[in-house]
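Structure assessment
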Amino acid sequence: MFSFYRWRVKTLIDNAYEQHLKLIQKSIIDDPVFFWKYVSDKKKERRHTETFSYKGAEVTGQDAANAFAEYFGSVFHNEKPLLNYVDAENAANSQNNVMPISVRQVDETDFRLAIRRLKPRSAGGPDRIPAFLVKDCAPALRSPLLFIFNLSLRQATYPEQWKLSRVTPVPKGEPGKDVSAFRPIAVLSVLAKIFETMLDFRIRNQVDNILHESQHGFRKNRATTTNLIAHVDYVCAEMDSRRQVDAAYFDFRKAFDLVSNDILLHKLAKLGFTPKLLQLFASYLDNRRQFVRVSGFESADYFTRSGVGVPQGAVISPLLFTLFTSDILKDAVVNTAFFADETALFVSDYNGNSLTFKTPKNYQSLRRMVPMVQSIGGYRESK
């Protein structure tokens, strides 16, 4: 019986692949972009590098995995955060009253939404549970997983096994051998992703109305397009009034990796997170670990003492970062356009004599988007 079904599956795969190739051949007329994308993907060089350089020496195998772990781990703070949710709550109580933000339990509706968002082809985490298996077996896994999730909420404790993430080095640009030319892609357990997605749904619905209107990153119905539209709308209105517009652009270096978890916990308390939810996030942020896998070799675990969870892979990290930076714009005296960690400050005046700070990259991109901006005296490149 096994031999029969193995033959049957292979036959179905071969037939499906044959139909796929026929569809690609036909698409050269109906959808040439799809056809040439397929051709480009096939032409890409896929050589696998197993020898790397680190601190002037060549490393391979286990030494390469350890070198990547040392380099990626050097970004984070060494000092262990206190994560005292009681102090955070007491400090927040001295502030003005705010609406409480809580997640008491999750239900089947949250589970279905999280499973729908799960991509079946995404890589499995350190526990090697594949996403497609969890997605296909969702009806059978729903009850036990909901029990674990709600138990975690009641006890305000995040499972230790879900704090571990596997890191894969990926070249930043052109393939190279130097360890510093790679960036880390972290992958969490699929079960952790489901739980974080459910928390993200519940918390985002409660905090979206308190976020600053200028924040366009990691928010529903907002993106780089709306960010640019808001900026251009202001610029054009000031141009019509014969005003000069001055702008300054900022980008935080290693923004996600260097977030202080203690400060984050205090900010969550100030926003109205209940003591139980604060305790859960203190547990979530405590003792998070990563390890590097490269060429089949794995490094030892290293701690990520800073950063909102993990730089990549964590579903709830974008929301936490947005909440962390939400008070930056609170007392702004100039117009702002905020997207994740990139900030634009712009102000207009009549005399046209104020200083202007503008990076060449943003200046050129804005000129391409709005040709008329060439006539704005306020947009000048700074030395």
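In this text, all values refer to a predicted model and were calculated from it rather than measured experimentally. (Residues numbered from 1 in each chain as written. Predicted model: local features only at pLDDT ≥ 70, side-chain atom pairs only at ≥ 80, totals over all residues. Heavy atoms only, no water.)

Here's the deal with the overall build of the protein chain
- Scanning the protein chain for helices and strands turns up 13 helices and 10 strands.
- A total of 383 residues make up the protein chain; the buried ones form 40% of that total.
- Looking at the protein chain alone, contacts between residues at least 24 apart form 73% of all its contacts between residues at least 6 apart.
- Carbon together with sulfur atoms contributes 55% to the accessible area of the protein chain, which is approximately 22400 Å² in total. (Helix = DSSP H or I, 4+ residues; strand = E, 2+ residues; numbered from the N terminus. Buried < 20%, exposed > 50% of the residue type's maximum accessible area, 1.4 Å probe, protein only. Contact = heavy atoms within 4.5 Å. Areas by Shrake-Rupley, 256 points an atom, 1.4 Å probe, with all protein chains shown as cover.)

Side note on the nonpolar core
- Ranked by internal contacts, the top residues of the largest apolar core, which has 54 residues, are Phe111, Phe149, Ile194, Ile203, Phe273 and Phe281.
- The set of elements that each furnish at least two residues to this core consists of helix H4 (85-93), helix H5 (108-117), helix H6 (131-136), helix H7 (138-155), helix H8 (190-207), helix H10 (261-271), helix H11 (275-285) and helix H12 (317-324). (Core = buried A, V, L, I, M, F, W, Y, C linked by side-chain atoms within 4.5 Å.)

Regarding the pairing of strand S2 (residues 57-60)
- In terms of strand pairing, strand S1 (residues 51-54) meets S2 through four bridges, oriented antiparallel. Bridged to phenylalanine 52 within S2 is valine 59. (Pairing = 2+ DSSP bridges.)

Remarks on empty space enclosed by the protein
- A full pass over the atoms with the stated rule returns one cavity of 30 Å³ or more.
- In this model, the largest cavity occupies a volume close to 30 Å³.
- In this structure, the largest cavity is lined by Lys80, Pro81, Leu285, Asp286, Asn287, Arg288, Thr304 and Arg305.
- Taken together, the residues that form the lining of the largest cavity break down as two nonpolar, two polar and four charged. (1 Å grid on protein atoms, 1.4 Å probe; cavity = no way out; pocket = protein on both sides within 12 Å on 5 of 7 lines; lining within 4 Å. Points joined across faces, edges and corners; volume = space filled by probe spheres on them. Nonpolar A, V, L, I, M, F, W, Y, C, P; charged D, E, K, R; others polar.)

Considerations on the environment of isoleucine 316
- With respect to the helices, strands and loops of the structure, isoleucine 316 is situated in the loop between strand S8 (302-303) and H12.
- Taking the C-alpha atoms as reference, isoleucine 316 lies 8.6 Å from lysine 193; in sequence the two are 123 residues apart.
- With residues near it in sequence (within four places) discarded, isoleucine 316 still touches Glu196, Leu199, Asp200, Ile203, Phe281 and Tyr284.

Some points on a nonpolar patch on the surface
- Among the surface-exposed residues, Met1, Phe4, Tyr5 and Trp7 lie close enough to one another that they form a single nonpolar patch of about 560 Å² accessible area.
- Tracing the backbone shows tryptophan 7 in helix H1 (residues 2-30). (Patch = residues over 30% accessible without salt bridge, like charges linked within 9 Å, V, L, I, M, F, W, Y side chains within 5 Å. Salt bridge = Lys/Arg side-chain N within 4 Å of Asp/Glu carboxyl O.)

Section: unusual backbone geometry
- Even without a glycine there, the phi angle at leucine 83 is positive, about 50°.
- Along the chain, the position of leucine 83 falls in the loop between helix H3 (62-73) and H4.
- For arginine 242, which is not glycine, the phi dihedral falls at a positive 65°.
- By secondary structure assignment, the location of arginine 242 is in the loop between helix H9 (224-240) and strand S5 (244-251).
- Arginine 242 sits in the exposed class, given a relative accessible area of 74%.

A look at the pattern of salt bridges
- Taken as a whole and assessed by the stated rule, the structure comprises 18 salt bridges.
- Arginine 128 is the salt-bridge partner of glutamate 298, the closest N and O atoms lying 3.6 Å from each other. Residue glutamate 298 is found in strand S7 (residues 297-298), and its partner arginine 128 is found in the loop between H5 and H6; the two are separated by 170 residues along the sequence.
- Relative accessible area serves as the criterion here: at 33%, glutamate 298 is assigned to the partly exposed category.
- One salt-bridge network, in which partners are shared between bridges, spans Glu160, Lys163, Arg289 and Asp301.

Some remarks on the packing of H10 against H12
- In the contact formed by H10 and H12, the axes pass within 9 Å of each other and the chain directions differ by 75°. As summarised for this structure, H10 and H12 are arranged roughly perpendicular, according to the angle between their axes. Between H10 and H12, the contacting residues are Ile263, Leu264, Lys267, Leu268 and Leu271 on the first element and Leu320, Leu323 and Phe324 on the second.
- In the contact of H10 with H12, the residues fall into seven nonpolar, no polar and one charged. (Axes fitted to C-alpha atoms, helices over the stretch in contact; angles between N-to-C directions. Parallel < 35°, antiparallel > 145°, perpendicular 65-115°, else oblique.)

Focus: the pairing of strand S3 (residues 164-171)
- With four bridges joining them, S3 and strand S6 (residues 289-294) adopt parallel strand pairing. Directly across from arginine 166, in S6, lies its bridge partner phenylalanine 291.
- Relative to strand S4 (residues 182-187), S3 runs antiparallel, the two sharing six bridges. Pairing of valine 170 across the sheet is with arginine 183, part of S4.

Quick look at the packing of H1 against helix H2 (residues 32-43)
- It is at 6 Å that the axes of H1 and H2 come closest, and there the two elements cross at 125°. When the axis of H1 is compared with that of H2, the two are oblique. The interaxial crossing formed by H1 with H2 has left-handed handedness. Touching Tyr17, His20, Leu21, Ile24, Ser27, Ile28, Ile29 and Asp30 of H1 are Pro32, Phe34, Phe35 and Tyr38, all from H2. (Left-handed = near helix turned anticlockwise from the far one by under 90°.)

Concerning the packing of aromatic side chains
- Applying the stated criterion across every chain, the model contains 17 aromatic pairs.
- Between tyrosine 71 and phenylalanine 72 the ring centres are 5.7 Å apart and the planes differ by 55°, which places this aromatic pair in the tilted class.
- The class for tyrosine 71 is partly exposed, based on a relative accessible area of 23%.
- Ring geometry for tyrosine 158 and tryptophan 162: centres 6.1 Å apart, planes at 70°, overall edge-to-face.
- The structure contains a cluster of three or more aromatic residues connected by ring pairs, namely Phe149, Tyr158, Trp162, Phe195, Phe273, Phe281 and Tyr284.
- Lying across the ring of phenylalanine 324, lysine 267 places its NZ or CZ 4.4 Å from the centre.
- Positioned above the aromatic ring of tyrosine 284, the side-chain terminus of arginine 288 is 4.3 Å from the ring centre. (Phe/Tyr/Trp six-rings, centres within 6.5 Å; stacked < 30°, edge-to-face > 60°. Lys NZ or Arg CZ within 6 Å of the ring centre and 35° of its normal.)

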